[in-house]
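Chain by chain, the residues run as shown.
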Amino acid sequence: MRILLLVLLFLSFAYSLGLVLANNTEVSVNLLFSQAPTMNLGLLMILCLILGIVIGILLALLIFRVLQNKWEISRLQKANTNLQEQITQANMVIDRQANAPTVEEAVYGATAVNVQDTTMPNAHPNANVHDGSSLTKQKRDY
């Protein structure tokens, strides 16, 4: 890689030297607001070429940064849309699970409650009866 860079550097230097030698006429340069001293046409061409390359590189970096920001914004918007869809699906699952009947409701029905035997004369509805007189819902194993 270094050899390739050295060859390119040598070729650009040789081209610049040939350009200066081939265009050795003196020209005056008008900069609109001032007058530059007369200089070699080949040297003026090399200065303009270098100035154009520097401006081109700076503009390319600026444009690349703008494009990179646009790509990042687009990627983040896609990720945001994807996350919004996941939130919507999760909310649907939560709603479905919240509204789904429990196992006891599914087995015994929605109105299954503790039923007390009221045939006993001293039975109080809030009394704890452990003698088997209360019916509770239990799952049957078959």
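Note that this is a predicted model, so its numbers are computed, not measured.

A. Layout of the overall build of the chain. Counting secondary structure elements, the chain contains three helices and four strands. If you list the helices and strands of the chain from N to C, you get α-β-β-α-α-β-β. In the chain, which comprises 142 residues, the share counted as buried stands at 5%. Considering only intrachain contacts with a sequence separation of at least 6, the fraction spanning at least 24 residues in the chain is 20%. Per element, the accessible surface of the chain, about 12900 Å² overall, is 65% carbon and sulfur.

B. Layout of the pairing of strand 1 (residues 26-30). In the sheet, strand 1 pairs with strand 2 (residues 35-40) via four bridges, with the strands oriented antiparallel. Along strand 2, the bridge assignment pairs Asn30 with Gln35. The hairpin turn running from strand 1 into strand 2, its antiparallel successor, is four residues long, and Leu32 in that turn takes a positive phi close to 70°.

C. Spatial organisation of the side chain of Asn40. For Asn40, the position within the fold is in strand 2. Apart from residues lying up to four places away in sequence, Asn40 is in contact with Val20, Asn23, Asn24, Thr25 and Glu26.

D. Molecular detail of the packing of helix 1 (residues 2-22) against helix 2 (residues 41-99). One way to put it is that helix 1 packs onto helix 2 with a least axis distance of 6 Å and a crossing angle of 140°. Between helix 1 and helix 2, the crossing angle belongs to the class labelled oblique. Contacts between helix 1 and helix 2 involve Ser16, Leu19 and Val20 on the former and, on the latter, Gly42, Leu43, Met45 and Ile46. Looking at the contact of helix 1 with helix 2, its residues break down into five nonpolar, two polar and no charged.

E. Fine view of the pattern of salt bridges. Across all of its chains, the model carries one salt bridge by this definition. Arg75 serves as the salt-bridge partner of Glu72, at 2.6 Å between the closest nitrogen and oxygen. With a gap of three residues between them, Glu72 and Arg75 both fall in helix 2, about one helical turn apart. Residue class for Arg75 comes out partly exposed when judged on its relative accessible area of 47%.

F. A look at helix 2. Here helix 2 spans 86 Å end to end across 59 residues, near enough to the 87 Å set by a 1.5 Å rise per residue. The N-capping residue of helix 2, defined by a side-chain oxygen 3.2 Å from the backbone nitrogen of Gly42, is Asn40.

G. Broad picture of the UniProt feature "transmembrane region" (unreviewed entry) in the chain. The residues that UniProt annotates with the feature "transmembrane region" (unreviewed entry) are residues 41-67. For residues 41-67, the end-to-end C-alpha separation is 38 Å, with 100% helix and 0% strand making up the annotated structure.

About the thresholds
Residues numbered from 1 in each chain as written. Predicted model: local features only at pLDDT ≥ 70, side-chain atom pairs only at ≥ 80, totals over all residues. Heavy atoms only, no water. Helix = DSSP H or I, 4+ residues; strand = E, 2+ residues; numbered from the N terminus. Buried < 20%, exposed > 50% of the residue type's maximum accessible area, 1.4 Å probe, protein only. Contact = heavy atoms within 4.5 Å. Areas by Shrake-Rupley, 256 points an atom, 1.4 Å probe, with all protein chains shown as cover. Pairing = 2+ DSSP bridges. Axes fitted to C-alpha atoms, helices over the stretch in contact; angles between N-to-C directions. Parallel < 35°, antiparallel > 145°, perpendicular 65-115°, else oblique. Nonpolar A, V, L, I, M, F, W, Y, C, P; charged D, E, K, R; others polar. Salt bridge = Lys/Arg side-chain N within 4 Å of Asp/Glu carboxyl O. Expected span 1.5 Å × (residues − 1). Polar contact = N/O pair within 3.5 Å; in protein donor to acceptor, adjacent residues only side chain to side chain. UniProt positions renumbered as here; feature names shortened; annotations may be inferred.

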